[in-house]
Amino acid sequence: KHCFSKKEDGYLYCEGVRVEDAMQGAERTPFYLYSKDQITRNYEAYRAALEGLKSIVGYAIKANNNYKVLEHLQSLGSGAVLVSGNELRLAVRARFDPTRCIFNGNGKVLEDLVLAAQYGTFVNIDSEFDLENIVMAARIAGKQVKVLLRINPDVDPQVHPYVATGTKTSKFGIRNEKLQWFLDAIKTYPNDIKLVGAHCHLGSTITKVDIFRDAAVLMVKYIDEIRAQGFGVEYLNIGGGLGIDYHHAGAILPTPMDLINTVRELVQSRDLTLIIEPGRSLIANTCCLVNKVTGVKTNGTKNFIVVDGSMAELIRPSLYDAYQHIELVSPPPSDAGVVTYDVVGPVCESADFLGKDRDLPTPTKGSGLVVHDAGAYCMSMASTYNLKMRPPEYWVDNGSVVKIRHGETFEDFMKFFEGL
Ligand code: LLP
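Definitions and cut-offs
- Residues numbered from 1 in each chain as written.
- Predicted model: local features only at pLDDT ≥ 70, side-chain atom pairs only at ≥ 80, totals over all residues.
- Heavy atoms only, no water.
- UniProt positions renumbered as here; feature names shortened; annotations may be inferred.
- Helix = DSSP H or I, 4+ residues; strand = E, 2+ residues; numbered from the N terminus.
- Phe/Tyr/Trp six-rings, centres within 6.5 Å; stacked < 30°, edge-to-face > 60°.
- Buried < 20%, exposed > 50% of the residue type's maximum accessible area, 1.4 Å probe, protein only.
- Salt bridge = Lys/Arg side-chain N within 4 Å of Asp/Glu carboxyl O.
- Near = heavy atom within 4 Å.
- Areas by Shrake-Rupley, 256 points an atom, 1.4 Å probe, with all protein chains shown as cover.
- Nonpolar A, V, L, I, M, F, W, Y, C, P; charged D, E, K, R; others polar.
- Arc of directions from axis to C-beta.
- Contact = heavy atoms within 4.5 Å.
- Pairing = 2+ DSSP bridges.
- Right-handed = clockwise from strand over helix to strand, strands pointing away.
- Axes fitted to C-alpha atoms, helices over the stretch in contact; angles between N-to-C directions.
- Parallel < 35°, antiparallel > 145°, perpendicular 65-115°, else oblique.
- Left-handed = near helix turned anticlockwise from the far one by under 90°.
- Expected span 1.5 Å × (residues − 1).
- Bend = angle between axes of the 7 residues up to and from the residue.
- Patch = residues over 30% accessible without salt bridge, like charges linked within 9 Å, V, L, I, M, F, W, Y side chains within 5 Å.

The name that an unreviewed UniProt entry assigns to the protein is diaminopimelate decarboxylase, with the source organism given as Carex littledalei. The record held by UniProt for the protein lists under Pathway (unreviewed entry) the comment "Amino-acid biosynthesis; L-lysine biosynthesis via DAP pathway; L-lysine from DL-2,6-diaminopimelate: step 1/1."

1. As for the UniProt feature "active site" (unreviewed entry) in the protein
Residues annotated in UniProt with the feature "active site" (unreviewed entry) correspond here to Cys-348. Among the secondary structure elements, Cys-348 is positioned in the loop between β17 (338-344) and β18 (353-361).

2. Describing the packing of aromatic side chains
Under the criterion given, the structure shown has four aromatic pairs. Judged by centre distance (5.3 Å) and plane angle (80 degrees), the ring pair of Phe-31 and Tyr-394 falls under edge-to-face. With Phe-31 in strand β4 (residues 31-35) and Tyr-394 in strand β20 (residues 393-397), the pair connects residues that are 363 residues apart, well separated along the chain. The same class applies to Phe-31 and to Tyr-394, which are both buried.

3. What about the pattern of salt bridges?
With the rule as written, the count across this model stands at 22 salt bridges. A salt bridge links Glu-71 to Lys-68; the nearest nitrogen and oxygen atoms lie 3.6 Å apart. You can see Glu-71 and its partner Lys-68 sitting in helix α3 (residues 67-76), three residues apart, about one turn around the helix. Residue classification places Lys-68 among the partly exposed residues on the basis of a relative accessible area of 35%. Shared partners join several salt bridges into a network, and the residues in it are Glu-27, Arg-28 and Lys-403.

4. Digging into the site of the ligand
With respect to spatial proximity, 17 residues lie near the ligand, and among them Ser-204, Glu-277, Arg-316, Tyr-320 and Tyr-377 are the closest. Look at the ligand: alone it shows 590 Å² of surface, and the protein chains cover 92% of it. Within the shell around the ligand, the residues separate by chemical class into six nonpolar, six polar and five charged.

5. Examining helix α4 (residues 85-93)
Considered for burial, the residues of α4 that qualify are Gly-85, Glu-87, Leu-88 and Ala-91. Considered in projection along α4, the buried side chains sweep an arc of 160 degrees and stay on one side of the axis. In α4, those exposed residues whose orientation departs by more than 90 degrees from the buried face are Asn-86 and Arg-93. Looking at the buried side of α4, the elements it contacts are β6 (79-82), β7 (101-103) and α5 (110-119). Remark: Arg-95 follows α4 within two positions and exhibits a positive phi of approximately 70 degrees.

6. Points about the pairing of β6
In β6, alternate side chains face the same way, and those of Gly-79 and Val-81 on one face and Ala-80 and Leu-82 on the other are all buried. Bridge count between strand β5 (residues 55-60) and β6: three bridges; the pairing is parallel. Looking at the pairing, Ala-60 lines up with Val-81 of β6. Assessed by its sense of winding, the connection that carries the chain from β5 through α3 to β6 is right-handed. Crossover handedness for the path β6 to α4 to β7: right-handed.

7. Looking at the packing of helix α2 (residues 36-49) against helix α9 (residues 256-269)
Contact pair α2 / α9: the axes reach a minimum separation of 8 Å and the direction vectors enclose 25 degrees. Our classification of the angle between α2 and α9 gives roughly parallel. Handedness of the α2/α9 crossing: right-handed. In this structure, α2 contributes Ala-45, Tyr-46, Ala-48 and Ala-49 to the contact, and α9 contributes Pro-256, Met-257, Leu-259, Ile-260 and Arg-264.

8. Description of α9
If you check α9, its first and last C-alpha atoms are 20 Å apart, about what 14 residues at 1.5 Å a residue would give, namely 20 Å. If you look at α9, its biggest bend is around 40 degrees, right at Val-263. If you follow the buried residues of α9, they end up packed against α2, α8 (210-228), β12 (235-237) and β13 (273-276). Of the residues one or two after α9, Asp-271 is the one with positive phi, at around 50 degrees.

9. A short note on the pairing of strand β9 (residues 145-152)
Across the eight residues of β9, seven count as buried, placing the element largely inside the fold. In the classification by handedness, the crossover that spans strand β8 (residues 122-125), the intervening helix α6 (residues 128-141) and the parallel β9 is right-handed. Two strands pair when backbone bridges link them, and β9 and strand β10 (residues 174-175) are joined in this way by two bridges, in the parallel orientation. Of the residues in β10, the one forming a bridge with Asn-152 is Arg-175.

10. Structural notes on a nonpolar patch on the surface
Judged by side-chain polarity, Leu-387, Phe-410, Met-414, Phe-416, Phe-417 and Leu-420 come together as a nonpolar surface patch covering roughly 690 Å² of accessible area. If you trace the backbone, Leu-387 turns up in the loop between β19 (368-371) and β20. The partly exposed category is assigned to Leu-387, whose relative accessible area is 37%.

11. Examining unusual backbone geometry
Note that the residue after Thr-29, namely Pro-30, is joined by a cis bond; omega there is -10 degrees. Summarising the element assignment, Pro-30 is placed in the loop between α1 (19-25) and β4. The residue Asn-398 is not glycine, and still its phi comes out positive at about 55 degrees. You can see Asn-398 is positioned in the loop between β20 and β21 (400-405). The exposure class assigned to Asn-398 is exposed, which follows from its relative accessible area of 74%.

Listed below in structure tokens is the structure:
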């Protein structure tokens with residue numbers, strides 16, 4: 001069951017609520033609209049898939065950092081994956097158990113590492129200098145830090161190059177030929193760090209689970225090598241990256257169950273605890289960006305629907321040429337013909353589009369248009385370009401629309417200059 005669906009009356013619904021009604025009640029457009037129940041269902045899909053395995057679900061906060069969303073995921077039992085000190089602070093505020101959080105990144109700064117050490121958060125070692133900094137942080141905090149080695153397994157995730165992270169020349173992780181150097185180095189800091197696991201992350205939007213299996217086979221081999229040298233390694237972290245069905249064209253994509261099943265036996269054969277770091281597959285399909293149509297225009301052979309949302313609120317199409325499905329929220333006038341449109345925003349550059357070459361009925365001014373699957377890497381990547389302030393967010397909870405984040409205002413912006 002999916003939260004957003006068009007009913008026989010021709011209106012788009014989020015759970016039981018007409019999106020058009022949510023528009024009427026909203027502070028302004030554009031806004032993000034979520035289904036709280038869909039978040040629950042997505043988390044439960046991981047929980048069911050992990051049944052019988054020792055595991056930690058580390059939700060990747062970078063995908064969506066709405067505080068209410070985090071509180072909800074935490075209440076369902078999720079851990080978290082962080083890439084900055086502020087994401088760690090936020091996780092702690094949202095009551096995630098910091099000892100079930102993992103701090104990832106190729107450029108972690110000392111100050112943030114000290115915070116992680118104080119909280120007892122797992123830290124991934126990404127490079128020689130990162131190891132040095134983690135040891136220093138442990139000494140400053142006076143705590144032994146549990147570390148995982150982020151190994152770059154050189155498996156091609158078959159995705160857009162901007163979201164591939166585990167290939168030979170990527171900036172993340174350590175190459176396997178350096179493994180022995182790292183093991184020797186770690187042995188020299190027994191009081192400061194404890195090697196407890198190995199981590200890899202291949203990339204994002206992965207739609208073939210064999211790729212995860214290929215990586216897990218390699219990772220288990222590394223874990224065997226590491227254990228053979230006397231380290232008590234307990235965790236295999238296979239990262240995030242499971243893709244979702246952005247196209248809404250009837251494709252059948254692998255589920256969390258499919259993903260976990262490809263690695264289950266490997267994990268059990270070594271008595272490991274599996275850490276998994278989903279972002280997109282937990283949160284993307286729980287949310288739409290709801291826009292209002294400003295007008296329709298034609299230039300030469302190109303037809304445009306101009307809406308009030310833009311690359312400032314949702315940059316994935318502009319940045320990755322990503323496809324996100326677009327539809328109108330209410331039935332078009334009966335005489336509206338279907339036309340091929342580019343759906344664009346008001347931002348002053350041609351990169352500002354939400355969708356290209358979409359066949360849509362000609363909408364009336366003021367009507368609603370949604371961009372689907374906007375729960376991951378949309379609001380969290382929003383900017384205030386052209387002073388389009390970040391939009392408000394709502395979710396449908398128990399049949400009612402509830403605000404879960406205020407829209408940013410012009411006055412919020414002016415606060416940065418107060419007293420200067
Ligand atoms: N773990 C690590 C170490 C990561 O780098 C990421 C995402 C994840 C987990 C979560 O991956 P997911 O399950 O969400 O695919 N902004 C891009 C995606 C960047 C992903 C960065 N790393 C986009 O909008 O497609």
